[in-house]
Amino acid sequence: MNRFTAEEKSNHSKNSAAGAKRRRFMWIVFVAVFFGWAGYTYFAQSAVIADKGEELAKKQETSEDVMASLTQLKYELSRLNDDEYIGQLARKWYNIYPQGETPIRTEQSEQ
């Protein structure tokens, strides 16, 4: 009933065992190459992310400085709309005084 003899059956099982070993070896090589590539990509990207993080921190610090400077300039601009402040600047920088006002000079102001 069986077409194969006992000798052919054992030869067939040896061939299939060798094929299974070959497939298992190829699968292990494929998995090793894949994990090697994945590890390399992970470390390369983590280095790039770290560099970008440092760059972002520097830019945020610069942005905070610029925003503080902008706030100060807006405050000074709003003060320029005040006549009293403009009078103070005219006295200080240009020695311009209203009529009838006598300037008082001290030793510190002359320096």
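Model, not experiment: these values are computed from the prediction.

A.B. asks: A description of the overall build of the protein should follow, citing residues and the corresponding values.
C.D. replies: Across its full length, the protein carries three helices and zero strands. Across the protein, helices and strands are ordered from the amino to the carboxyl terminus as α-α-α. Counting only residues that meet the buried cut, the protein has 4% of its 111 residues in that class. Of the accessible surface of the protein, which amounts to about 10,900 Å², a share of 59% is contributed by carbon and sulfur atoms.

A.B. asks: Run through the UniProt feature "transmembrane region" (unreviewed entry) in the protein, naming residues and quoting values.
C.D. replies: In the numbering used here, UniProt assigns the feature "transmembrane region" (unreviewed entry) to residues 25–43. Taken end to end, residues 25–43 is 100% helix and 0% strand, and its first and last C-alpha atoms sit 27 Å apart.

A.B. asks: Quick rundown of the pattern of salt bridges? Include the residues and the values.
C.D. replies: With the rule as written, the count across this model stands at two salt bridges. Close ionic contact of Glu 101 with Arg 91 constitutes a salt bridge, the shortest N to O distance being 3.0 Å. With Glu 101 in the loop between helix 2 (83–94) and helix 3 (107–110) and Arg 91 in helix 2, the pair connects residues that are ten residues apart, well separated along the chain. A relative accessible area of 34% means that Glu 101 is categorised as partly exposed.

A.B. asks: Outline the packing of aromatic side chains, listing residues and values.
C.D. replies: Overall, the coordinates contain five aromatic pairs when judged by the stated rule. Ring geometry for Trp 27 versus Phe 30: centroids 5.8 Å apart, planes at 35°, classification tilted. Taken as a pair, Trp 27 and Phe 30 lie in helix 1 (residues 6–79) at a separation of three residues, close to a single helical turn. Each ring, one from Phe 34 and one from Trp 37, has its centre 5.8 Å from the other, and the planes form 40°; the classification is tilted. Residue Phe 34 and its partner Trp 37 are located together in helix 1, separated by three residues, close to a single helical turn.

A.B. asks: So what about helix 2? Which residues, and what values?
C.D. replies: Under the 1.5 Å per step criterion, the end-to-end length of helix 2 is 16 Å for twelve residues, consistent within 8% with the ideal 16 Å. Within helix 2, burial applies to Tyr 85, Leu 89 and Ala 90. Each buried residue of helix 2 sits inside an arc of 140° when the element is viewed along its axis, so together they form one side. Away from its buried face, by an angle of more than 90 degrees, helix 2 presents the exposed residues Asp 83 and Glu 84. Asn 95 sits one or two positions beyond helix 2 and adopts a positive phi of about 55°.

A.B. asks: Hey, could you go over unusual backbone geometry for me, with residue numbers and the actual values?
C.D. replies: Backbone geometry at Asn 95 places phi at a positive 55°, although glycine is not the residue there. Given a relative accessible area of 44%, Asn 95 falls into the partly exposed group.

A.B. asks: Could you give an account of the confidence of the model for the protein, with specific residues and numbers?
C.D. replies: Residues with a pLDDT of 70 or more make up 84% of the protein, whose mean pLDDT is 86. When mean pLDDT is compared element by element in the protein, helix 1 scores highest at 90, while helix 3 scores lowest at 64.

Criteria and thresholds
- Residue positions are given per chain, counted from 1 along the sequence in the order it is written.
- At least 70 in pLDDT is required for a residue's local features to be given in this predicted model, at least 80 for side-chain atom pairs to be given and counted, and no such filter applies to totals for whole chains, interfaces and linings, which use all residues.
- Water and hydrogen atoms play no part in the side-chain values, which are based on all heavy atoms of the structure.
- For the purposes of this entry, the term helix denotes a DSSP run of H or I that reaches at least four residues, the term strand denotes a run of E that reaches at least two, and both are numbered from the N terminus.
- Relative accessible area decides the class of each residue, using a 1.4 Å probe on protein chains only: under 20% of the type maximum gives buried, over 50% gives exposed, and in between gives partly exposed.
- Residue burial considers only the protein chains on display, and all accessible areas are found by Shrake-Rupley using a 1.4 Å probe.
- UniProt positions are given in the numbering used here, feature names are shortened, and annotations may be inferred rather than shown by experiment.
- Salt bridges are defined as contacts in which a side-chain nitrogen from Lys or Arg sits within 4 Å of a carboxyl oxygen from Asp or Glu.
- Aromatic rings from Phe, Tyr and Trp, with only the six-membered ring used for Trp, were paired whenever their centres fell within 6.5 Å, and each pair was classed as stacked if the ring planes differed by under 30 degrees, edge-to-face if by over 60, and tilted otherwise.
- Multiplying 1.5 Å by the residue count of a helix minus one yields the expected span of that helix.
- Comment: arc refers to directions from the helix axis out to C-beta atoms.
- Every residue is assigned a pLDDT by the predictor, reflecting its confidence on a scale from 0 to 100.

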